[in-house]
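If you want the building blocks of each chain, they are given just below.
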Amino acid sequence: MEILNSKIFGENSTNTPLLVFHGLFGMLDNWGSFGKDLGEYLPVHLIDLRNHGRSFHSESMSHDDLADDIVHYMDHYGIQKAHVLGHSLGGKAVMQFAIKYPERVEKLIVVDISPKAYPPHHQGIIKALETVDFNKVGSRNEVEAVLNQYIPEKSTIQFLTKNLYWDENKKLGWRFNLKTLSEKYTEFVSNAVKFGVFEGDTLFIAGAKSNYILPQDEFGIKQQFPKAKIVTVKNAGHWVQAENPVDFANVVKEFLGLN
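So, here's what we can say about the structure. (Residues numbered from 1 in each chain as written. Predicted model: local features only at pLDDT ≥ 70, side-chain atom pairs only at ≥ 80, totals over all residues. Heavy atoms only, no water.)

As for helix α4 (residues 123-131)
Threshold: The rule is simple: take the accessible area with a 1.4 Å probe, protein chains only, and divide by the maximum for that residue type; under 20% is buried, over 50% is exposed, in between is partly exposed. Secondary structure elements follow DSSP: runs of H or I of four or more residues count as helices, runs of E of two or more count as strands, with numbering from the N terminus. Note that the arc is defined by the directions from the helix axis to the C-beta atoms. It only takes one pair of heavy atoms within 4.5 Å for two residues to be counted as in contact.
Those residues of α4 not exposed but buried are I125, I126, A128 and L129. One face of α4 carries all of its buried residues, which in axial projection span an arc of 160 degrees. Contacts from the buried residues of α4 go to α5 (140-148), α6 (154-161), β7 (172-174), α7 (178-183) and α8 (185-189).

Thoughts on the sheet that holds strand β1 (residues 6-9)
Just so we agree on the cut-off: Pairs of strands are assigned from DSSP output, requiring at least two bridges between the strands. Convention adopted: a line fitted to C-alpha atoms gives each axis, helices being fitted over their contacting stretch, and angles between N-to-C directions are expressed from 0 to 180 degrees.
Reading across from one edge, β1-β3-β2-β4-β5-β8-β9 is the order of the seven strands in this open sheet, with mixed pairing throughout. The sheet terminates laterally at β1 and β9 (228-233), the two strands that pair on one side only. Going from strand to strand, the sheet's axes swing by 20 degrees on average, the running direction of each strand aside. Pairing of strand β4 (residues 82-87) with strand β5 (residues 105-111), which is carried by five bridges, proceeds in the parallel orientation. Bridge pairing links A82 to V105 in β5. Packing of helix α2 (residues 63-76) onto the sheet brings it into contact with β1, β2 (18-21), β3 (44-47) and β4, and relative to β2 it is tilted by some 140 degrees.

Comments concerning the packing of aromatic side chains
What counts is decided by this rule: The rule is short: rings of Phe, Tyr and Trp, with Trp giving its six-membered ring, pair when the centres are within 6.5 Å, and they are stacked under 30 degrees, edge-to-face over 60, tilted in between. Whether a charge sits over a ring depends on NZ of Lys or CZ of Arg being within 6 Å of the ring centre and within 35 degrees of the ring normal.
The final tally for this structure, using the stated rule, is twelve aromatic pairs. Summarising the aromatic geometry, the rings of Y73 and Y77 are spaced 4.6 Å apart at their centres and angled 40 degrees between planes, so their arrangement reads as tilted. Owing to a relative accessible area of 0%, Y73 belongs among the buried residues under this scheme. Ring centres of Y185 and F188 lie 5.9 Å apart, and the angle between their planes is 70 degrees; on these two criteria the pair is classed as edge-to-face. Of this pair, Y185 and F188 both sit in helix α8, three residues apart, which is roughly one turn of the helix. Like F188, Y185 is buried. Aromatic ring contacts, followed pair by pair, group F25, F134, W174 and F176 into a single cluster. When the ring centre of F255 is taken as reference, the NZ or CZ atom of K107 above it lies at 4.9 Å.

The following block contains the structure:
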């Protein structure tokens with residue numbers, strides 16, 4: 001059984017650990033400063049989801065797979081109970097995990113995603129990524145130039161190119177498993193979290209400028225997470241933790257009773 005790749009801050013602390021999961025096409029490095037900050041209070045595990053970062057590649061990518069990966073990770077590190085935080089796709093993973101393994105969750109934090117099914121909305125990005133021919137491009141700038149033809153937002157291009165690396169043949173490639181993420185896209189984005197109820201303390205954090213959590217989603221959220229509190233972070237879109245890191249970290253610390 002393969003264990004997800006991670007980076008751990010504050011591992012000498014005896015407090016309940018916090019496990020952090022990034023979103024689609026992300027990697028644990030996106031959460032470095034948050035991990036360092038929260039690592040002053042409790043152990044923080046920044047974790048690469050399967051098919052992302054330095055974690056293993058697999059042809060399977062369902063919410064159940066992601067939930068099971070979390071429990072295997074906790075068993076591997078001897079963690080009985082943890083706080084779990086997930087952003088976007090990582091949020092779907094931790095919701096499914098909390099519903100499937102409620103006894104392993106102390107507190108649940110879901111960042112800018114709800115349990116509902118979302119219409120497919122990354123086709124442009126996937127097409128852009130698939131257009132990059134690594135037999136023809138030899139530098140980051142050349143990859144950026146290809147992506148530029150399809151993706152208008154500079155910040156999105158920068159986010160994606162963080163995943164570039166040189167393989168053992170001195171060829172550029174993506175760290176994420178683009179083939180599976182493209183083939184199984186509808187399975188993990190356009191499917192709701194399986195129905196079930198998590199009775200524990202739950203926080204949903206929405207970005208004020210994002211439309212991923214809408215006022216009308218509250219009913220569905222409360223059906224599955226009856227104790228959910230929904231907090232909106234100002235001056236932030238979907239990447240809440242990157243766009244307003246200070247307020248984001250404060251909201252998390254308050255919920256976990258750290259300040």
